[in-house]
Structures are given as structure tokens and as C-alpha cells.
Amino acid sequence: MFRPKIPTMPMPTGLTTPPAVIEPTTVTRPIETPPAAPTAPTPSRPTVQLTPGTTLALVGGGTAVVLVLGAVLVSLLLAVAITGASVAVCAVVLRSLLASDAKRR
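Scoring rules and cut-offs
Residues numbered from 1 in each chain as written. Predicted model: local features only at pLDDT ≥ 70, side-chain atom pairs only at ≥ 80, totals over all residues. Heavy atoms only, no water. Helix = DSSP H or I, 4+ residues; strand = E, 2+ residues; numbered from the N terminus. Buried < 20%, exposed > 50% of the residue type's maximum accessible area, 1.4 Å probe, protein only. Areas by Shrake-Rupley, 256 points an atom, 1.4 Å probe, with all protein chains shown as cover. Patch = residues over 30% accessible without salt bridge, like charges linked within 9 Å, V, L, I, M, F, W, Y side chains within 5 Å. Salt bridge = Lys/Arg side-chain N within 4 Å of Asp/Glu carboxyl O.

S.K.: I tried to follow the overall build of the chain on my own but got confused; where do I start?
M.R.: When helices and strands are counted, the chain shows 1 helix and 0 strands. Across the 105 residues in the chain, those meeting the buried criterion constitute 0%. A total of about 11,200 Å² of accessible surface is found on the chain, and carbon and sulfur atoms cover 71% of it.

S.K.: I would appreciate a short explanation of a nonpolar patch on the surface in the present structure.
M.R.: Together, Val-68, Leu-69, Val-72, Leu-73 and Leu-76 give the surface a local cluster of nonpolar side chains, amounting to about 480 Å² of exposed area. Here Leu-76 is to be found in helix H1 (residues 52-104).

Here it is, written out as C-alpha cells:
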């Protein structure tokens, strides 16, 4: 009952074609030509040369990116902390209101 039933392959019906006869062919090798003289590759784009001013600009830009990213992450963390504290204060206020309402009854 729980065993899978594997279908059997049906036998082909009708006319079948016999396999084609493969005849060997001869292989001809092309005539070898001498290799051309090697040429120096031309650069596809100019090389970037770093001068002290460029290096200083890159370091300054990287520092600015790190500082901005750090400020954004710290502000997000501060926003989450303030939100958590305000939710906690709201929970304490609601708890005290519900507890005082239950004592009056």
C-alpha cells in the first residue's frame, strides 16, 4: 500500500528505423603558418597615478564617509533606545492606572 508504483516503459509499436551506418572519414591537418611577431598590448584605459594630494583627498573622503555612517548608526541606536524607554514608561503608567482602577471597585 505504501510502496510507490513505478510505471513500466511501454514497448515501441509501429515501424522502427534501423541504426544508421557510420563511415569513417579522413582527417586533414591544416598547413601550419609561423606565428606573427608578438606586439606589445596597448592598455585599454589609462593608468591612475596617485599623487600625495590625491591620496590625501581619498583619505579625507573615506574619513568623512566613516564619520557620517557612524553618526547615522548612532542616531538610529539612540532613536531605538528612546522609543524603548518611552514604551516602558507608558507600560508603567498604564499598569498603575489599571491597578488603581481595580482598587476602587
